[in-house]
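# Coordinates in review
Read off the chains here:
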Amino acid sequence: MSVDMSYFEQMEAKIPRGKVRTRFAPSPTGYMHVGNLRTALYTYLIARHAKGTFVLRIEDTDQGRLVEGATDVIYRTMAECGLHHDEGPDVGGPVAPYIQSQRRDTYGKYAELLVERGGAYYCFCEKAESAEDSGDFEREDDPCRSLTLEQARARIAAGEPYVIRQKIPHEGTTTFHDASFGDITVENKTLDDQILLKRDGMPTYNFANVIDDHLMGITHVVRGSEYLSSTPKYNLIYEGFGWEVPTYVHCSPVMRDAQHKMSKRNGDPSYEDLKAQGYLTEAILNYVALLGWSPRGERAEQEFFTLDELVEAFDIAGISKSPAIFDIEKLTYFNANYLRSLSAEDFHKAALPFIRQSVKNEAYSSEEIAALLQARCEKLTDIPEKVDFFDALPEYDVAFYTNKKSKTDAAVSLDMLQKVLPRLEALSDWSNDGIHDLLVNYAAELGVKNATLMWPLRIAVAGKLVTPGGAVELCRILGREETLRRIRVGIEKLSA
């Protein structure tokens with residue numbers, strides 16, 4: 001019995017050709033970790049730089065590891081990051097479906113075709129698939145490998161369960177080329193006859209991704225360097241079908257430190273964790289782009305990139321073979337720069353929920369508070385602690401009033417507050433300019449430095465050593481009555 005080739009000819013006819021096509025193919029098994037995000041970004045950049053097509057494919061062959069809602073996390077993350085796909089489960093395309101579990105019949109047909117072509121065989125042995133996955137099983141000739149097709153099909157017809165295994169050549173070597181690592185050659189005798197199709201008819205990851213990449217016309221395959229060891233087997237599958245091998249782009253891992261990969265189990269952050277920690281998407285993307293890639297030419301010294309600039313600058317040759325270490329301090333540096341570069345309106349929009357975590361009193365202008373914070377904020381999550389004194393004056397130590405640089409101590413501070421209180425009570429123009437001019441002129445009148453008056457006033461109204469903004473701005477936002485009340489509390493504290 002020979003395979004009917006008409007189905008395969010129809011599938012070949014559907015394959016888009018003629019331009020670069022890349023795919024991001026995550027498994028919906030939880031969160032989007034930093035390495036996954038980098039793979040998605042590089043895949044997107046390769047396609048967009050070449051004016052090609054970016055495909056999203058969901059790889060759900062490992063049904064036991066699927067996490068409910070994880071596919072939504074993928075869609076949401078991609079959309080937030082601006083990595084919009086041209087084809088995928090939600091938008092369709094010429095080679096749909098784009099979810100592997102919906103392509104189940106396709107894999108079975110191609111597995112049988114590979115058997116027919118001599119690149120695979122039916123196996124009836126009772127080997128535990130989990131043992132094979134861990135590499136623990138004995139690498140010796142499978143007795144089923146020598147069965148004729150007729151013998152194997154007779155056992156299938158009798159209802160015997162089976163898997164389909166790849167038939168790796170015993171002799172010789174397999175060489176593949178990677179864009180970053182160059183030519184890599186392995187001896188075929190070191191490769192095992194891996195399972196391609198499981199007993200339940202589902203393909204293994206290693207088989208499904210080769211079939212899908214070919215049928216979807218993928219020209220560049222971007223993935224982690226942990227797949228380098230499996231790539232010779234992928235090549236042999238391509239060769240077994242007589243297909244063109246795509247360009248491989250293997251990326252070295254993102255490390256927590258010199259010895260350890262980033263891992264959720266070790267508490268390393270995902271994209272969503274970083275967002276929750278107050279990092280902007282644009283800063284995360286910019287930093288992640290530089291984890292294992294360096295711009296070249298006229299942009300070689302450039303650090304900050306918009307997504308459009310990354311599209312223009314991205315070059316596969318800039319991808320490094322060396323692992324990249326994730327440095328949260330470096331990301332914080334990027335984030336601070338992005339926060340300061342936002343328009344006042346955009347910063348206020350981003351900061352508002354964090355301001356209102358602490359400042360519940362709507363009488364205090366969130367716009368005015370945001371204006372104080374923008375130049376003094378590295379992460380959005382810094383905000384609640386910085387502004388928690390607006391709603392309630394915290395308990396504070398009178399030692400806060402002592403500052404060598406401002407030439408203040410408790411006695412000087414008490415004197416300053418007692419003298420400035422009636423002046424502020426009489427002030428009719430409660431604006432930044434009005435408060436500023438009064439304080440500067442009064443300091444000159446008293447013959448003291450501005451700071452000698454401003455320091456105790458700021459401590460009195462905020463109760464904190466470090467504040468976003470100085471005495472003038474804080475008095476303005478707090479308003480006349482609350483400012484005067486807090487000054488009186490300070491005088492009482494210093495008089496005790």
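Model, not experiment: these values are computed from the prediction. (Residues numbered from 1 in each chain as written. Predicted model: local features only at pLDDT ≥ 70, side-chain atom pairs only at ≥ 80, totals over all residues. Heavy atoms only, no water.)

### Notes on the pattern of salt bridges
Considering all chains together, one arrives at 32 salt bridges under this definition. Its salt-bridge partner being R423, residue E445 comes within 2.8 Å of it at the nearest N-O pair. Taken as a pair, E445 in helix α17 (residues 432-446) and R423 in helix α16 (residues 410-425) lie far apart in primary sequence, 22 residues in all. For E445, a relative accessible area of 54% puts it in the exposed group. Of the residues examined, R423 reaches a relative accessible area of 35% and is grouped as partly exposed. Several salt bridges share partner residues, and in doing so they unite R23, R57, E59, R103, D212 and D213 into one network. (Salt bridge = Lys/Arg side-chain N within 4 Å of Asp/Glu carboxyl O. Helix = DSSP H or I, 4+ residues; strand = E, 2+ residues; numbered from the N terminus. Buried < 20%, exposed > 50% of the residue type's maximum accessible area, 1.4 Å probe, protein only.)

### Digging into the layout of surface pockets
A probe matching the size of a water molecule, rolled over the atoms, marks out where space remains unfilled. As a volume, the second largest pocket reaches approximately 310 Å³. If you trace the second largest pocket, you find 16 residues lining it, with R17, G217, I218, T219 and E244 closest to the centre. (1 Å grid on protein atoms, 1.4 Å probe; cavity = no way out; pocket = protein on both sides within 12 Å on 5 of 7 lines; lining within 4 Å. Points joined across faces, edges and corners; volume = space filled by probe spheres on them.)

### Thoughts on the pairing of strand β8 (residues 220-224)
Extensive coverage of β8 is indicated by the burial of five of its five residues. Relative to strand β9 (residues 247-251), β8 runs parallel, the two sharing five bridges. Bridging across to β9, R223 finds its partner in H250. Of the crossover connections in this fold, the one passing from β8 over helix α8 (residues 231-241) to the parallel β9 is right-handed. (Pairing = 2+ DSSP bridges. Right-handed = clockwise from strand over helix to strand, strands pointing away.)

### Topic: the confidence of the model for the chain
Per-chain confidence: the chain averages 94 in pLDDT, with 96% of residues scoring 70 or above. A low-confidence stretch, residues 130-137 (pLDDT under 50), is modelled with eight contacts involving residues beyond four sequence positions or located in other chains. (pLDDT = per-residue confidence, 0-100. Contact = heavy atoms within 4.5 Å.)

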